[in-house]
Amino acid sequence: MPLFQSTAPFQDDDAALRRHLADAHLPSLLAAVAHVTGDLSILEDELRPEDTFMAQVPGGLGEGPRERAIEVLVRQLAAFRDAGCPEPRTPDDETLTRILGFLVPDAKLDDYLPLLLEELAIGDGDRRAPEWNKREIAPEREFRVAIIGAGMSGLAAAHRLNQAGVPFVIFEKNDDVGGTWLENTYPGCRVDIQNHFYSYSFAQRIDWPLLYSTHDVLLDYFQQCAEDFGLRDSIQFGTEVTSMTWDDASATWKLRTKTGDTEETFVAQAVVSAVGQLNRPQIPEIPGQDRFQGPAFHSAEWDHAVDLEGKRVAVIGTGASAAQFVPAIAPRVAEMAVFQRTPNWMFPRPDYHEAPPAGQQWCFAHVPAFAQWYRFWVFWVGAEGAIPLVGADPDWSPRDRSLSAGNEMLREALTAYLLEQAGGDEDLAAKIVPDYPPAAKRILVDNGSWVNALRQPHVSLVTDEIREIDESGVVDANGTHHPADVIVYGTGFQAQRFLTPMKVTGRDGRDLHEAWAGNPRAYLGITVPGFPNFFCLYGPNTNIVVSGSIIYFSECEVNYLVESLRILMAEGLKTMDCRPAVLDAYVEKVDAGNALMAWGAATVDSWYKNDAGRVTQNWPFSLLEYWQQTRTVDVSDYEVG
Ligand code: NAP
């Protein structure tokens with residue numbers, strides 16, 4: 001996979017250009033054209049984007065500005081065409097800052113510019129590639145890294161180590177790469193962040209077939225990346241790491257691996273855990289569930305051998321997975337009872353299941369830098385720019401329905417959407433509108449298919465508690481028996497049990513799970529005191545902000561990992577071990593930050609919190625701040641040896 005698929009020259013006449021522009025995102029396109037031509041005069045104030053997180057305006061502009069933008073763009077693109085579609089030059093920083101300021105006038109542009117250059121890979125290309133190589137800085141040093149997991153994060157780490165010439169082996173329990181996109185095959189499974197942002201900065205596609213790809217497209221993407229970056233030969237498939245133990249004398253980790261019945265030991269100077277957070281299914285214990293006579297399975301272990309055609313299906317849970325598979329299977333089943341404990345807030349995204357509009361596709365394919373500026377736009381509107389809507393104001397009251405002025409605004413918009421969906425059915429409306437503040441739990445993405453499925457005559461939404469399961473169905477707290485041939489658990493994952501079931505033994509025989517004791521903490525989500533040269537990817541408190549991309553976080557973590565390895569080798573150090581006081585101070589800040597976010601301030605339960613109610617999953621600050629904090633490594637944060 002090249003860094004970018006390149007755009008193709010075009011000869012379309014002005015009328016065709018006008019047609020293409022009719023359904024393209026015009027502010028991002030203006031940014032791209034200014035980037036390509038250097039003509040900043042086209043970035044007129046009235047052409048700034050009107051999109052907000054809640055309402056996406058078709059084309060990003062209202063009617064008047066839209067006409068004007070199309071005029072400007074047709075003229076510019078025609079001139080570009082007539083000049084033979086020359087290779088664009090790389091704009092200087094001042095030009096980029098002006099373009100950035102056009103899209104997001106309120107941002108601290110000087111802070112965002114360096115992030116932007118990396119995340120969009122502008123100009124010189126892959127700016128996150130290591131600028132060093134082991135061959136040059138420590139040619140004689142024996143150094144081998146074990147990466148656990150060949151999902152999205154593990155592949156990113158492997159690619160960077162490959163570039164830096166650091167030997168590594170990836171252990172993958174499955175028989176292929178792809179992690180969550182390999183394991184989750186349930187009907188309707190897809191990403192809920194637009195792919196122009198949910199993709200590696202170093203492998204940006206311009207031809208995503210869908211705005212939000214289905215799992216098979218994503219699996220292809222990650223498999224292709226593994227292939228193109230030459231990583232496959234370094235992966236031991238079907239191999240689970242069962243334990244790892246630190247040995248101070250040799251400053252190495254000894255990993256025990258299991259491939260089938262064969263157990264082996266692997267010695268590494270550093271270990272990268274890239275095992276994900278959401279892959280150990282959580283099936284609740286419900287009285288009588290073993291008595292059920294039909295098939296029963298979890299969404300992440302979908303049993304495709306079970307034909308749901310004409311069956312009565314009971315679905316337990318209504319989170320992100322169920323919201324996707326319930327609409328997908330509804331047309332096939334004879335009856336479906338959906339057991340909901342807590343309703344979800346949902347962002348309206350009418351284009352959730354759509355391909356990019358034809359004109360947008362054309363622009364991706366032909367206008368240089370458009371896909372990159374659109375990537376920035378998705379980053380901004382879905383995550384960074386939406387943070388005020390999910391903040392918690394300590395002085396705000398009442399606090400049960402919202403937590404700040406922005407959060408209340410969000411609540412009103414999302415409530416209006418759900419009520420519109422309920423279409424005047426008051427019983428349904430009472431069931432589907434949450435009674436907790438938006439963003440206290442993960443907000444789902446919806447194009448209407450969820451409520452549409454629930455409104456089918458053969459589908460019922462049951463909000464009474466489940467009392468038990470018997471041989472032939474599910475019994476609710478009222479004693480109503482809901483007959484079922486199949487039960488599907490959409491009940492989520494054991495998100496709190498980071499790194500389980502691996503046994504990780506650090507310095508002085510310290511067990512990681514005992515040390516965490518149900519309260520996982522890692523410095524920047526990456527390093528843990530007493531566990532030298534051990535790096536977590538997607539560790540504690542690195543989960544996305546609003547609708548950010550977890551790939552963004554993983555790339556930041558990988559950057560920190562690679563820089564740590566450079567320091568170890570360049571400075572001839574054997575070990576880096578996070579100082580406990582550094583972690584304590586960091587966690588204090590993260591906890592204080594989370595207390596000011598909806599998911600931390602609200603009392604409702606979620607998988608973001610541990611049993612004690614502490615938010616162990618989410619990053620509470622901006623994406624910019626995570627990038628800033630992981631960009632360099634401060635060696636004084638570590639005891640080095
Ligand atoms: P989830 O969001 O944690 O949802 C689990 C559901 O099961 C919730 O509705 C929960 O209710 C319910 N539940 C749990 N135990 C129950 C019990 N004993 N009785 C009745 N209901 C019970 O899990 P998920 O849907 O698998 O999603 C987990 C995360 O994976 C998501 O938040 C997201 O980050 C990721 N994911 C992403 C996508 C995507 O990008 N499109 C898709 C799927 C998953 P309560 O809310 O009351 O606990």
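Described in the following lines is the structure provided in the data block. (Residues numbered from 1 in each chain as written. Predicted model: local features only at pLDDT ≥ 70, side-chain atom pairs only at ≥ 80, totals over all residues. Heavy atoms only, no water.)

### Points about the overall build of the protein chain
Defined as follows: Strands are runs of DSSP state E lasting at least two residues, helices are runs of H or I lasting at least four, and both sets are numbered from the N terminus onward. Throughout, radius of gyration means the C-alpha value; the globule benchmark is 2.2 Å times the number of residues raised to the power 0.38. Between buried and exposed lies partly exposed: a residue is buried under 20% and exposed over 50% of the maximum accessible area for its type, with that area taken using a 1.4 Å probe on protein chains only. Computed with a 1.4 Å probe, the accessible areas rest on the Shrake-Rupley method; for each residue, only the protein chains presented here act as cover. Residues scored as positive are Lys and Arg, those scored as negative are Asp and Glu, and His as well as the terminal groups of each chain are ignored. Here the site of a charge means atom NZ of a Lys, CZ of an Arg, CG of an Asp or CD of a Glu.
Secondary structure summary: the protein chain contains 20 helices and 21 strands in total. Against the globule reference of 26 Å for 641 residues, the protein chain gives a C-alpha radius of gyration of 25 Å, in line with a compact fold. Over its C-alpha atoms, taken along the principal directions, the protein chain stretches across nearly 70 × 70 × 50 Å. In the protein chain, which comprises 641 residues, the proportion classed as buried is 60%. About 24,600 Å² of surface is accessible on the protein chain, with carbon and sulfur atoms providing 48% of the total. Each charge sign in the protein chain was given a centre, from 52 positive and 91 negative side chains, and these centres are 3 Å apart.

### Some details on the sheet that holds strand β10 (residues 335-339)
The condition is simple: For two strands to be treated as a pair, DSSP must find no fewer than two bridges joining them. Lines fitted to C-alpha atoms define the axes, with helix axes restricted to the stretch in contact, and inter-axis angles between N-to-C directions lie between 0 and 180 degrees. A contact between two residues is defined here by any heavy atoms of the two lying within 4.5 Å.
Ordered by their spatial adjacency, 5 strands build an open sheet running β8-β17-β9-β10-β13, and the pairing between neighbours is parallel. Edge positions in the open sheet fall to β8 (296-298) and β13 (459-462), since each of these has one partner strand only. Strand after strand, the sheet turns through a mean of 15° between neighbouring axes, direction not considered. In this sheet, β10 lies alongside strand β9 (residues 312-316) in parallel orientation, the contact comprising 5 bridges. Bridge assignment links Val313 to a residue of β10, and that residue is Met336. Across the sheet, helix α10 (residues 320-329) is in contact with β9, β10 and β17 (486-489); its angle to β9 comes to roughly 170°.

### Observations regarding helix α3 (residues 63-82)
Helical geometry: 3.6 residues make up each α-helical turn, so side chains three or four residues apart lie on a common side. Our working rule: Any helix carries an expected span of 1.5 Å times its number of residues minus one.
The end-to-end C-alpha distance of α3, which contains 20 residues, comes to 28 Å, matching closely the 28 Å that a straight helix rising 1.5 Å per residue would cover. Among the residues of α3, those classed as buried are Pro65, Arg66, Ala69, Ile70, Val72, Leu73, Val74, Gln76, Leu77, Ala78, Phe80 and Arg81. Among the structural elements, α1 (14-21), α2 (26-37) and α11 (358-366) are those in contact with the buried residues of α3. Of the residues trailing α3, Gly84 is marked for its positive phi of about 90°.

### Here's the deal with the site of the ligand
So the rule is basically this: Residues are counted as near a molecule or strand when any one of their heavy atoms sits within 4 Å of it. Under the rule applied, a polar contact is a pair of N or O atoms within 3.5 Å (in protein, one hydrogen donor and one hydrogen acceptor; residues adjacent in sequence only if both atoms are side-chain atoms). Side-chain classes follow a simple rule in which Ala, Val, Leu, Ile, Met, Phe, Trp, Tyr, Cys and Pro form the nonpolar group, Asp, Glu, Lys and Arg form the charged group, and the remainder, Gly included, forms the polar group.
Around the ligand, a shell composed of 22 residues is seen, among which Arg190, Ala320, Ser321, Thr342 and Arg442 lie nearest. In the environment of the ligand, an oxygen atom lies 3.4 Å from a nitrogen or oxygen atom belonging to the backbone of Gly319. Note that an oxygen atom of the ligand is positioned 2.7 Å from one of the backbone N or O atoms of Ser321. Isolated, the ligand exposes 900 Å² of accessible area, and the fraction of that covered by the protein chains is 82%. With 3 residues, the top contributor of residues to the shell around the ligand is α10. In terms of residue class, the shell around the ligand is made up of 8 nonpolar, 9 polar and 5 charged.

### Quick notes on the pairing of strand β14 (residues 466-470)
Alignment of β14 against strand β15 (residues 473-476), held across 4 bridges, turns out to be antiparallel. By the bridge assignment, Asp470 is partnered in β15 with Gly473. Counting the residues that bridge the hairpin from β14 to β15 gives 2 residues.

### What about the packing of aromatic side chains?
How we decide: Stacked, edge-to-face and tilted are the three classes for Phe, Tyr and Trp ring pairs, Trp counted by its six-membered ring, which pair at centre distances within 6.5 Å; planes under 30 degrees apart are stacked, over 60 edge-to-face, the rest tilted. A ring is considered to have a charge above it if a Lys NZ or an Arg CZ atom is located within 6 Å of its centre and within 35 degrees of its normal.
One pass over the structure, following the stated rule, counts 36 aromatic pairs. Here the aromatic rings of Phe297 and Trp302 are separated by 5.0 Å at their centres, their planes lie at 70°, and the arrangement is edge-to-face. Of the two residues examined, Phe297 and Trp302, each falls in the buried class. Ring pairing ties together the aromatic residues Tyr112, Phe197, Trp373, Phe376, Phe379, Trp380, Tyr552, Phe553, Trp619, Phe621 and Tyr626, which thus form one cluster. Directly above the ring of Tyr352 sits Arg190, whose terminal nitrogen or CZ lies 5.7 Å from the centroid.

### Describing the sheet that holds strand β4 (residues 239-247)
Reading across from one edge, β6-β5-β4-β18 is the order of the 4 strands in this open sheet, with mixed pairing throughout. Unpaired on one side and paired on the other, β6 (262-268) and β18 (503-505) mark the two borders of the sheet. Put simply, the sheet's adjacent strands are angled 20° from each other on average, direction ignored. Where strand β5 (residues 252-259) lies against β6, 7 bridges are found, and the strand directions are antiparallel. For Arg256, the partnering residue across the bridge sits in β6 and is Thr265.

### A short note on the nonpolar core
Note the threshold: Only buried Ala, Val, Leu, Ile, Met, Phe, Trp, Tyr and Cys residues count toward a nonpolar core, and they belong to the same one when joined by side-chain atoms within 4.5 Å.
Val145, Ile147, Tyr200, Phe222, Trp373, Phe376 and Leu565 are the most contacted members of the largest nonpolar core, which has 194 residues in total. For this core, the element with the highest residue contribution is helix α17 (residues 550-570), accounting for 13 residues. Once you skip the residues sitting within four places of it in the chain, Tyr200 turns out to touch Gly151, Met152, Leu155, Ala156, Tyr221, Phe222, Cys225, Arg375, Ile551 and Glu555. By size, the runner-up hydrophobic cluster in this structure holds 24 residues, among which are Ala522, Val528, Phe531 and Phe534.

### Re the state of the cysteines
Disulfides are covalent bonds that link the sulfur atoms of two cysteine residues. Formally: Any two cysteine sulfur atoms within 2.5 Å of one another count as a disulfide.
Counted by the stated rule, this structure contains 0 disulfides. The thiol sulfur of Cys189 is not disulfide-bonded, and the nearest other cysteine sulfur, from Cys225, lies at 18 Å. We note that Cys363 lacks a disulfide partner, and the nearest cysteine sulfur, in Cys85, lies 12 Å from it. A relative accessible area of 0% places Cys363 in the buried class.

### Digging into empty space enclosed by the protein
Rule in force here: Only protein atoms enter the 1 Å grid, on which a cavity is a set of points fitting a 1.4 Å probe that cannot get out and a pocket is an open set with protein on both sides within 12 Å along at least 5 of 7 lines, lining residues being those with an atom within 4 Å of a point. Grid points are joined across faces, edges and corners, and a volume is the space filled by probe spheres set on the points. Start and end points for every domain follow an automatic or database-based domain assignment.
Enumeration according to the criterion identifies 6 cavities of 30 Å³ or more in this entry. Here the largest cavity defines a volume of roughly 110 Å³. Lining the largest cavity are 14 residues, with Arg442, Ile443, Val546, Ser547 and Tyr608 positioned closest to its centre. Residues belonging to the lining of the largest cavity are distributed by class as follows: 9 nonpolar, 2 polar and 3 charged. Per-domain counts for the lining of the largest cavity show at least three residues from each of domain 2 (140-177 + 231-280 + 497-640) and domain 3 (289-345 + 394-489). Considering only enclosed or pocket space, the second largest cavity measures out at about 70 Å³ in volume. In terms of lining residues, the second largest cavity is bounded by Val275, Gly276, Gln277, Asn279, Arg280, Gln494, Ala495, Arg497, Phe498, Leu499 and Thr500.

### Brief notes about the packing of α2 against α3
Put simply, the rule is: Small angles under 35 degrees read as roughly parallel and large ones over 145 as roughly antiparallel, with 65 to 115 read as roughly perpendicular and the rest as oblique. By convention the crossing between two helices is left-handed if the near helix lies anticlockwise of the far one by an angle smaller than a right angle, and right-handed if it lies clockwise.
Between α2 and α3, whose axes approach to 10 Å, the crossing angle comes to 30°. Here α3 runs roughly parallel to α2, going by the angle between their axes. For the crossing formed where α2 meets α3, the hand is left-handed. Contact with α2, carried on its side by Leu26, Leu29, Leu30, Val33, Val36 and Thr37, involves Arg66, Ala69, Ile70, Val72, Leu73, Gln76, Leu77 and Phe80 of α3 and no other residues of that element.

### Details of the environment of Asp591
Along the chain, Asp591 turns up in helix α18 (residues 580-595). Given a relative accessible area of 29%, Asp591 falls into the partly exposed group. Note: C-alpha distance between Asp591 and Gly125 (466 residues apart in sequence) is 36 Å. In this view, Asp591 contacts Arg614 and Val615; residues no more than four positions away in its chain are not counted. One polar contact links Asp591 to Arg614, side chain to side chain, over a distance of 2.9 Å.

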